[in-house]
Amino acid sequence: MKLYNTLTRKIEEFIPSSPPNVSFYACGPTVYDFTHIGHMRTYTNNDVLRRTLTYLGFKVNEVMNITDVGHLSGDDDSGVDKMEKGAKKYGKTVWDVAKFYTDFFFKTTDALNILRPSVTCKATEHVQEMIQLINRLKQNGFVYETPEAIYFDVMKFNSYGKLSGQKLEEKIQASREEVVVDNDKKHPADFALWFKRVGRFADHTMHWSSPWGEGFPGWHIECSAMSMKYLGETIDIHSGGIDHVPVHHENEIAQSEGATGKQFVKYWFHNNFLTVDGQKMSKSLGNFYTLEDIEKNKIDPLSLRLLFLQSHYRQPLNFTWQSARASLEAFNRLKEIATNIKPHNAPTPLKSTKAIAFQQQFKSAIENDLQTPQAVAVMWDMIKSDITNEEKYFLLTDFDKVFGLNLGSIVEEKIDANIITLAERRLEARRQRNFDMSDRLRIKIEKAGFKIEDVGDAYKIKKI
Ligand SMILES: [Zn+2]
């Protein structure tokens, strides 16, 4: 499979460290507010990548973190803690806020049929691992202490900026405008590994003891500590939104490689933005949509998934309600087709060269840096073609292993097992050209209230 790697800025052949295993770390949500459709797009694309790798025979071990402490507003550590802000806003404890929004996050990803990670890990449950990692960085000389915090010294890490291609001098320029709260910080790009419970954080609710006194971890350190704990020191894939490239992921690389001296991530996978009506999503513009808005507008979340599949993950996607409704129509048509062509007997392997060619086209689309728009087009071409319904159904469910639209599990009218047995016997009789027997069995099925229809070398049963 070929995959674009943000680190090398190239599409590369994907070769994991120990095939067929793939270690995959996904930057998870900060659970201080409702997850929105922009996040949904990112996690759908992660899911499509995971399903594609599985489809191609890899074994994926996905770990995702839940940020429930330490994520400050503002990338330069100057802001307030998002969790504490969320708690104040809703008059709840930080722990309640974390639980509520974590539940909402998974309710959303479940509705979009996004597979749950093998491991979901919370930052608050891994503070000891973070302290250990900070100690390791201290031993390696990457850390300095101020009265307010423990910082990572970016000037000591030679390749800082390699992911975004941003030079440190440019970062100084960019940061000059911003407020640097801690005057003891040596470089504006230095970032906090540990905040002490002093000054602006004297009342911080979440705090732990550490060699530097009571306090709480910075945001970035959790991803390095947890990916190392669950996936080892070098991982195959790390995903996130492109907004994470210049700061969060740069910092993760600095921390991890500063501690281990080894390459942290082989392939960086970044998702592009989602805009709404051509604008950035924001609460003030009233275009900040969540699963609830999608459902209120009677849009099936799975049709939103189909909409996401129709744009490439590295391209921005502009969401409009019109595009969502068009996608819903297409999705309903697809479900109807799947129900109509579903055979009752087990699908047989593909026979026709045409059907095999469709499968090949689909595979090359997804293997080529996840060209999902092309893969969706192959699906519609296949549906419109003259291959048998049985082959169409086989391919539809095969493609759905990657698309994740749940087409294979469409609930049909309940048909009794004894009717199926009669239908199977009738199919066998037809195969042996025993038409007398086949007719008798058809009459029996009809008397029981069902209509049987032949579809190539298969059958379809409907209630009369
Ligand atoms: Zn992260």
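Predicted model only: the values in this text are computed from it and were never measured.

Describing the overall build of the protein chain
Next up, step 1: Counting its regular elements, the protein chain contains 15 helices and 16 strands.
Next up, step 2: Based on the C-alpha atoms only, the size of the protein chain along its principal axes is roughly 95 × 45 × 40 Å.
Next up, step 3: A fraction of 74% describes how many contacts in the protein chain between residues 6 or more apart in sequence connect residues 24 or more apart.

Examining the nonpolar core
Next up, step 1: Core analysis: the largest hydrophobic core is formed by 112 residues, its most contacted members being Ile134, Phe152 and Leu193.
Next up, step 2: Here this core spans two domains, since at least three of its residues come from each of domain 1 (2–271) and domain 2 (276–409).
Next up, step 3: Apart from residues no more than four positions distant in its own chain, Phe152 is found in contact with Leu137, Phe142, Val143, Asp190, Phe191, Leu193, Asn251, Ala254 and Gln255.
Next up, step 4: By size, the runner-up hydrophobic cluster in this structure holds 9 residues, among which are Leu422, Leu441, Ala458 and Tyr459.

Quick notes on the sheet that holds strand S14 (residues 317–319)
Next up, step 1: Spatial ordering of the open sheet is given by S13-S12-S14, a layout of 3 strands whose pairing is mixed. Among the strands making up the open sheet, the edge pair consists of strand S13 (279–280) and S14.
Next up, step 2: Pairing between strand S12 (residues 274–276) and S13: 2 bridges, direction antiparallel. Residue Thr275 lies in a different strand from S13, and its bridge partner there is Lys280.

Examining the pairing of strand S1 (residues 2–5)
Next up, step 1: Note: S1 against strand S2 (residues 10–13), 4 bridges, orientation antiparallel. Along S2, the bridge assignment pairs Leu3 with Glu12.
Next up, step 2: The hairpin turn running from S1 into S2, its antiparallel successor, is 4 residues long, and Arg9 in that turn takes a positive phi close to 55 degrees.

Concerning the packing of helix H11 (residues 353–367) against helix H12 (residues 372–384)
Next up, step 1: For the pair H11 and H12, the least separation of the axes is 8 Å and the interaxial angle reads 165 degrees. On the basis of their axis angle, the class for H11 and H12 is roughly antiparallel. The hand of the H11/H12 crossing is left-handed. Where H11 approaches H12, its residues Phe358, Gln361, Phe362, Ala365 and Ile366 are matched on the opposing element by Thr372, Gln374, Ala375, Val378 and Met382.
Next up, step 2: Across the contact of H11 with H12, the residue classes break down as 7 nonpolar, 3 polar and no charged.

As for the sheet that holds strand S8 (residues 191–196)
Next up, step 1: Spatially, 4 strands are ordered S6-S7-S8-S9 in an open sheet, and the strand pairing comes out antiparallel. Sheet topology places strand S6 (143–145) and strand S9 (215–217) at the edges, where each strand pairs with a single neighbour. Going across the sheet, the axis of each strand differs from the next one's by a mean of 20 degrees, ignoring polarity.
Next up, step 2: Direction of pairing for S8 relative to S9: antiparallel, over a ladder of 3 bridges. Among the inter-strand pairings, Trp194 is bridged to a residue of S9, identified as Pro217.

Brief notes about the confidence of the model for the protein chain
Atomic detail in the predicted coordinates should be set aside for any region of low pLDDT.
Next up, step 1: For the protein chain, per-residue confidence averages 91 on the pLDDT scale, and 94% of positions sit at 70 or higher.
Next up, step 2: Contacts of residues 176–180 to residues separated by more than four positions or lying in other chains number 7 contacts, the stretch itself having pLDDT below 50.

As for the environment of Leu396
Next up, step 1: Along the polypeptide, Leu396 turns up in helix H13 (residues 389–403).
Next up, step 2: Of the residues examined, Leu396 has 21 C-beta atoms within 10 Å and is grouped as buried.
Next up, step 3: Along the primary structure Leu396 and Met40 are separated by 356 residues, whereas in three dimensions their C-alpha atoms are 24 Å apart.
Next up, step 4: In this structure, Leu396 is in contact with Ala338 and Leu407, ignoring residues within four places of it in sequence.

Let's talk about the environment of Glu148
Next up, step 1: Looking at where Glu148 falls in the secondary structure, it is placed in the loop between S6 and strand S7 (149–152).
Next up, step 2: A count of 21 C-beta atoms within 10 Å places Glu148 in the buried class.
Next up, step 3: In this structure, the C-alpha to C-alpha distance between Glu148 and Gln128, residues 20 residues apart in sequence, is 20 Å.
Next up, step 4: Excluding its chain neighbours within four sequence positions, the residues that come into contact with Glu148 are Asp182, Lys196, Val198 and Gly199.

The rules we used
Residues numbered from 1 in each chain as written. Predicted model: local features only at pLDDT ≥ 70, side-chain atom pairs only at ≥ 80, totals over all residues. Helix = DSSP H or I, 4+ residues; strand = E, 2+ residues; numbered from the N terminus. Contact = placed C-beta atoms within 7 Å. Core = buried A, V, L, I, M, F, W, Y, C linked by C-beta atoms within 7 Å. Buried ≥ 20, exposed ≤ 12 C-beta atoms within 10 Å, placed from the backbone. Domains from an automatic or database assignment. Pairing = 2+ DSSP bridges. Axes fitted to C-alpha atoms, helices over the stretch in contact; angles between N-to-C directions. Parallel < 35°, antiparallel > 145°, perpendicular 65-115°, else oblique. Left-handed = near helix turned anticlockwise from the far one by under 90°. Nonpolar A, V, L, I, M, F, W, Y, C, P; charged D, E, K, R; others polar. pLDDT = per-residue confidence, 0-100.

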